[in-house]
Amino acid sequence: MYRSICLLLLASLLFACSGEAPEVKDPSTMTEEELRQHADSLAHAYLITDGHVDLPYRLKVKNFKLDKEYLGIPIETKEGDFDYVRAVEGGLDAPFMSIYIPSGLQEEVGASPALADSLIDMVSGIASAHPDKFRITTSPEQMIQNFKEGVMSLPMGMENGSPIEDQIERVAEYHAKGIRYITLTHAKDNLICDSSYDTTRTHNGLSEFGREVVKEMNRVGIMVDISHVSDSTFWQVMEMTDVPVIASHSSARKFTPGFERNMNDEMIKRLGEENGVIQINFGSTFLDGALRTRRDSLRGVLMERLSEAGLSYTDEEAKPMIDAFGEEFPTLYADVETVADHIDHVVSLSSVDNVGFGSDFDGVGDSLPTGLKDVSDYPNLIFTLLQRGYTDEDIEKMCSGNVIRVWRAVEAAATASK
Ligand SMILES: [Zn+2]
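A.B. asks: Hey, could you run me through the overall build of the protein chain in this one?
C.D. replies: Along its length, the protein chain carries 17 helices and 10 strands. The globule rule puts the C-alpha radius of gyration for 418 residues at 22 Å, and the 21 Å found for the protein chain is close to it. Overall, the protein chain is about 65 × 60 × 45 Å in size when its C-alpha atoms are taken along their principal axes. Taken over 418 residues, the protein chain has a buried fraction of 55%. Across the protein chain, the fraction of contacts at a sequence separation of at least 24, relative to all contacts at a separation of at least 6, is 71%. Accessible surface computed for the protein chain: about 17600 Å², of which carbon and sulfur atoms make up 53%. Side chains of the protein chain carry 38 positive and 69 negative charges; the gap between the two charge centres is 2 Å.

Written as C-alpha cells, this is what we have:
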C-alpha cells in the first residue's frame, strides 16, 4: 500500500511538472465502472505478452496459404480465438506463436522438422504480408521497441523439441530461424525427455541427449519451457540449468489433483526460487479438476448427439449444436475468477515476480472460461486482479515484466558463454 501511495504521489508530481492535470485516483477507491476503465487503460498502457497462442497450427489445419484469399484471416475473422483486431482490442502486444509439432510425427524421420519449417515460414509470411501490423521478434528489446511503435510482436516458441531429432546442431539452427523457447516435449516421451501425458517413462526424466539439448539451448539463448514435461524431467532440468526457465502454458495442480500436466506446489516454489515464470493456461480443464471430470463425461453425451445428427465434432455444421450444448451446460466452463485463483496461488507460493499469462488460445478448443473467450478479453482478467488488490506495478509484471526478465537473463547467459 505504502508503495502504491508513493507511486501515486510520484505520478501526480510528474504530471504537475509536465503542466497536465489528469486525475490520478487510487484504484482501491474506484467504483466498479472506474476500475473497469482503469483495467482497460492498463491493458493498453502495458506491454502484454502471452506465452502460448496456437494460431499457426489452427491455420495449418485449415489449409491456410500465404496468398490473397487467406491473408485477411490473421487480421479479422470470426473463427478461433486470435486475430489482429481482437488482439488490439484486448491490448495484446506479443503473443508467442506456437510452432506446435504433434507427437505422432516422431515416428517418421524428417516429418517433425518439415512441419516446424512450414509453420515458421507461415508466421514469417504473415508478418511480411502485414508489416504495419506484425513483426517477427527475436529479442525482448525488439519486443519493447515494437510496442512503442504500435506494431504487434510475433515471437516464436516451438512446442515439442521433436524436430531436433538426434541432431544437436539443430538447436542453433532453430535459434537462427527465430525460435526463442522450446517446450522440451509434448504428449509423448521423445528423444529429449518424458512427457506428463505419457505413462512409458522412457528416460525417467531427461535422456543423456536431452541434457545436451538443454545445455545447448542455454548456450545459444533459447528459453527452456517445462510445460508438458513429466515431474522428473522438471526436477532434472531444475538441477542442471543456471538460467531461469518458463512454463509457457501450465496451471497449478492444486486445483486439478493428479493432473501431472499442471505444476504442483513444490515445483511452483522451485521455479520461483530459480527466478522463472509460470504462465497460466486458461483452458477450463487446466483450471478446475471437477470440471475436468464433468467435461469428460458430458463429452460422451455431446458426441452421441452429434453422431445421431450424422455430424462429427470438427464439422463446420456441428458448431451451432456444440454452442447450444455449451449453453445447456454452462457449468462446463471455469471463469475469469478461476484464472485469478491460480495466479493468487502461485503468488502465495512464490511471488508476483513468477507468474504470467499463457492462455493456450487457439489450442484448447471450446474450453475457454467465461470472461476469457478470446484475445480481446485480457482487460477482464486485469479487472479481476485489480479487484483482488494487485497494484498496477504487479499487473505490469504479470503482463510482461516477468517474461522480459527471464528472456533477458537467458540472452545474457548465452552471450556470456560465447
Ligand atoms: Zn500445449
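A.B. asks: I tried to follow the coordination of the zinc ion on my own but got confused; where do I start?
C.D. replies: Tetrahedral coordination by four donors puts the ideal angle at the metal at 109.5 degrees, and octahedral coordination by six puts it at 90 or 180 degrees. Looking at the zinc ion, the protein donor atoms are Glu159 (OE), His228 (NE2) and His249 (NE2), and they sit 2.0 to 2.2 Å from it. With a relative accessible area of 3%, glutamate 159 lands in the buried category.

A.B. asks: Could you clarify how one ought to interpret helix H15 (residues 336-349) in this entry?
C.D. replies: An α-helical segment advances 3.6 residues per turn. Residues three or four places apart therefore align on the same side. With 14 residues, H15 ought to run about 20 Å at 1.5 Å a step, and its terminal C-alpha atoms sit 20 Å apart, in line with that. Among the residues of H15, Val336, Thr338, Val339, Ala340, His342, Ile343, His345, Val346 and Leu349 are the ones counted as buried. Near the N-terminus of H15, the side chain that reaches the backbone nitrogen of glutamate 337, with its oxygen 2.9 Å away, is that of aspartate 335.

A.B. asks: When you look at the environment of aspartate 67 in this model, what are you seeing that I'm missing?
C.D. replies: Along the chain, the position of aspartate 67 falls in the loop between helix H3 (55-61) and helix H4 (68-71). Each C-alpha atom of the pair aspartate 67 and alanine 129 lies 9.1 Å from the other, and the pair is 62 residues apart in sequence.

A.B. asks: Hey, could you run me through the nonpolar core in this one?
C.D. replies: Within soluble globular proteins, side chains that are nonpolar generally end up buried alongside one another. Ranked by internal contacts, the top residues of the largest apolar core, which has 95 residues, are Ile99, Leu184, Ile343 and Phe357. The element best represented in this core is helix H6 (residues 111-129), accounting for 8 residues. Grouped together as the second largest cluster of nonpolar side chains are 14 residues, Phe96, Ile404, Val406 and Trp407 included.

A.B. asks: It is not clear to me how the pairing of strand E6 (residues 179-183) should be interpreted in this structure. Could you clarify?
C.D. replies: Side-chain direction in a regular strand flips from residue to residue, so the side chains alternate between the two faces of the sheet. Counted residue by residue, E6 has 5 buried out of 5 residues, so it is predominantly covered. The pairing of strand E5 (residues 156-159) with E6 spans 4 bridges and is parallel. Looking at E6, one finds that methionine 156 is bridged to isoleucine 179. Note on the crossover from E5 through helix H8 (residues 169-176) to E6: the handedness is right-handed. In the classification by handedness, the crossover that spans E6, the intervening helix H9 (residues 208-220) and the parallel strand E7 (residues 223-225) is right-handed.

A.B. asks: For this particular structure, what's the right way to read the pairing of strand E1 (residues 49-53)?
C.D. replies: With 5 of 5 residues buried, E1 is to be regarded as a mostly interior element. In terms of strand pairing, E1 meets strand E2 (residues 94-100) through 3 bridges, oriented parallel. Residue aspartate 50 lies in a different strand from E2, and its bridge partner there is proline 95.

A.B. asks: Help me out: how do you make sense of the environment of leucine 332 in this one?
C.D. replies: Here leucine 332 lies in the loop between helix H14 (319-328) and H15. Residue class for leucine 332 comes out buried when judged on its relative accessible area of 7%. Between the C-alpha atom of leucine 332 and that of methionine 267, which follows or precedes it by 65 residues, the distance is 28 Å. Residues in contact with leucine 332, not counting those within four places in the same chain, are Ser284, Leu291, Arg295, Leu298 and Phe325.

A.B. asks: Looking at this model, I keep getting lost on the packing of aromatic side chains. Mind explaining?
C.D. replies: Here a ring pair, both rings aromatic, is described through the centre-centre distance and the interplanar angle of the planes. Counting across every chain of the model gives 12 aromatic pairs. Ring centres of phenylalanine 259 and phenylalanine 286 lie 5.6 Å apart, and the angle between their planes is 70 degrees; on these two criteria the pair is classed as edge-to-face. You can see phenylalanine 259 sitting in the loop between strand E8 (246-247) and helix H11 (265-273) and its partner phenylalanine 286 sitting in helix H12 (residues 284-287), a full 27 residues away along the chain. The class of phenylalanine 259 is buried, set by a relative accessible area of 8%.

The rules behind these values
- Residues numbered from 1 in each chain as written.
- Predicted model: local features only at pLDDT ≥ 70, side-chain atom pairs only at ≥ 80, totals over all residues.
- Heavy atoms only, no water.
- Helix = DSSP H or I, 4+ residues; strand = E, 2+ residues; numbered from the N terminus.
- Rg over C-alpha atoms; globule rule 2.2 N^0.38 Å.
- Buried < 20%, exposed > 50% of the residue type's maximum accessible area, 1.4 Å probe, protein only.
- Contact = heavy atoms within 4.5 Å.
- Areas by Shrake-Rupley, 256 points an atom, 1.4 Å probe, with all protein chains shown as cover.
- Lys, Arg positive; Asp, Glu negative; His and termini not counted.
- Charge placed at Lys NZ, Arg CZ, Asp CG, Glu CD.
- Donors = N, O, S within 2.8 Å, 3.2 Å for Na, K, Ca; no water.
- Expected span 1.5 Å × (residues − 1).
- Polar contact = N/O pair within 3.5 Å; in protein donor to acceptor, adjacent residues only side chain to side chain.
- Core = buried A, V, L, I, M, F, W, Y, C linked by side-chain atoms within 4.5 Å.
- Pairing = 2+ DSSP bridges.
- Right-handed = clockwise from strand over helix to strand, strands pointing away.
- Phe/Tyr/Trp six-rings, centres within 6.5 Å; stacked < 30°, edge-to-face > 60°.

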